[in-house]
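Chain by chain, the residues:
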Amino acid sequence: MTGAWTLPRCAVLDGQEYEIHTDYRDILEVLRWLSGGADPQLKPEERWYIAMRLFYPGFAAMPAALWGAATTFLQEFLLAGRPEPQPGTPQLMDWQQDAPLIAAGIRQAAGCDVRSLPYLHWWSFLACFDAIGQGSFATVVAIRDKLRRGKRLEAWELEFYRTHRAAVELRRTDTAEADAEKQRLLALLKGETEGVCQKT
C-alpha cells in the first residue's frame, strides 16, 4: 500500500499491476456486499468473492495464488491507512442507513455536493467524511454511543431521539460477523492457494 500522501489507483501483487475501482461509490457498493446488506442470505466467503470481483475488474483472470494478497490489499485499501478496528468494536454507523446524514455532513465539510462529482477517490471521500463536524450525523452517532454505553441523554438529545428514532437506531450490527467472515475467507483462500500449488 502507498503512503498517506498518495492515492493508490492500482494494486501491485507479485510485481504485477492490477486495476482496481477507486471511486467512493464503487467502494460503498463493495462494503454493502461485504456487510451482507446486498444479500443477507449469502455466505461470508460468497460475499468476499463478490467484493473481490467488484473491486478488481480483472479478478476472473487473476491467479488463485494471488487471492490472499489481493484480499489483504482490499482490506488495507478500505481502511485507507487507518488502524483496523479492534474485534468487538461497536458499530455506531451504517453507510447505507446513514447515507442522507453522511452526504449532508460531507457536503458541508467539502463545500460541495460530492455526489455530483464524476469521480472522487475513496480516500479523498474518507478525508471529507473525517472532517464532518457538528450536524445531524454527529448528533446521531453521539446518541448511539451514549445509548450503547448506558449513559443518560441530555434533554435535547432525548427529544432528538424520540423524534428521530428510526434514524438513530441501527437496523443491524455486523461487526462480529464481519470479523468471522474475514477469517473464514482467509482460511478459504489459503486452502485454495495451497490446492493450486499442489497441482502445479
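A quick note: this is a predicted structure, and the numbers were derived from the prediction, not measured.

Trainee: So what's going on with the packing of aromatic side chains? Residues and values would help.
Mentor: Within the structure shown, the criterion is met by 13 aromatic pairs. For the ring pair Phe-55 and Phe-73, a centre distance of 6.3 Å and an interplane angle of 35 degrees mean the geometry is tilted. Residue Phe-55 is found in helix 2 (residues 44-55), and its partner Phe-73 is found in helix 3 (residues 67-79); the two are separated by 18 residues along the sequence. Each member of the pair, Phe-55 together with Phe-73, is buried. Judged by centre distance (5.7 Å) and plane angle (65 degrees), the rings of Trp-95 and Trp-122 are edge-to-face. Of the two residues, Trp-95 sits in the loop between helix 3 and helix 4 (99-110) while Trp-122 sits in helix 5 (residues 122-130), which places them 27 residues apart along the sequence. Overall, the relative accessible area of 22% leaves Trp-95 in the partly exposed class. Ring pairing ties together the aromatic residues Tyr-49, Phe-55, Tyr-56, Phe-59, Trp-67, Phe-73, Phe-77 and Trp-123, which thus form one cluster.

Trainee: Give me helix 3: which residues, what numbers.
Mentor: Residue pairs spaced three or four apart in an α-helix point in one direction, given the helix's 3.6 residues per turn. The end-to-end C-alpha distance of helix 3, which contains 13 residues, comes to 18 Å, matching closely the 18 Å that a straight helix rising 1.5 Å per residue would cover. Of the residues trailing helix 3, Ala-80 is marked for its positive phi of about 55 degrees.

Trainee: Account for the environment of Gly-111, naming residues and giving values.
Mentor: Turning to its location among the elements, Gly-111 is positioned in the loop between helix 4 and helix 5. We classify Gly-111 as exposed; its relative accessible area is 63%. Each C-alpha atom, one on Gly-111 and one on Cys-128, is 9.7 Å from the other, the two residues being 17 residues apart in sequence.

Trainee: Tell me about the pattern of salt bridges, residues and numbers included.
Mentor: Oppositely charged side chains are able to pair whenever their charged atoms sit close together. Across all of its chains, the model carries ten salt bridges by this definition. Asp-98 serves as the salt-bridge partner of Arg-144, at 2.7 Å between the closest nitrogen and oxygen. On the criterion of sequence distance, the pair formed by Arg-144 in helix 6 (residues 136-149) and Asp-98 in the loop between helix 3 and helix 4 is long-range, its members being 46 residues apart. On the accessibility criterion, Arg-144 (6% relative accessible area) is buried. Among the residues examined, Asp-98 registers a relative accessible area of 0% and is labelled buried. Connected via shared salt-bridge partners are Asp-145, Arg-148 and Arg-149.

The rules behind these values
Residues numbered from 1 in each chain as written. Predicted model: local features only at pLDDT ≥ 70, side-chain atom pairs only at ≥ 80, totals over all residues. Heavy atoms only, no water. Phe/Tyr/Trp six-rings, centres within 6.5 Å; stacked < 30°, edge-to-face > 60°. Helix = DSSP H or I, 4+ residues; strand = E, 2+ residues; numbered from the N terminus. Buried < 20%, exposed > 50% of the residue type's maximum accessible area, 1.4 Å probe, protein only. Expected span 1.5 Å × (residues − 1). Salt bridge = Lys/Arg side-chain N within 4 Å of Asp/Glu carboxyl O.

Take it as geometry only, folks, not as evidence of what the structure does.
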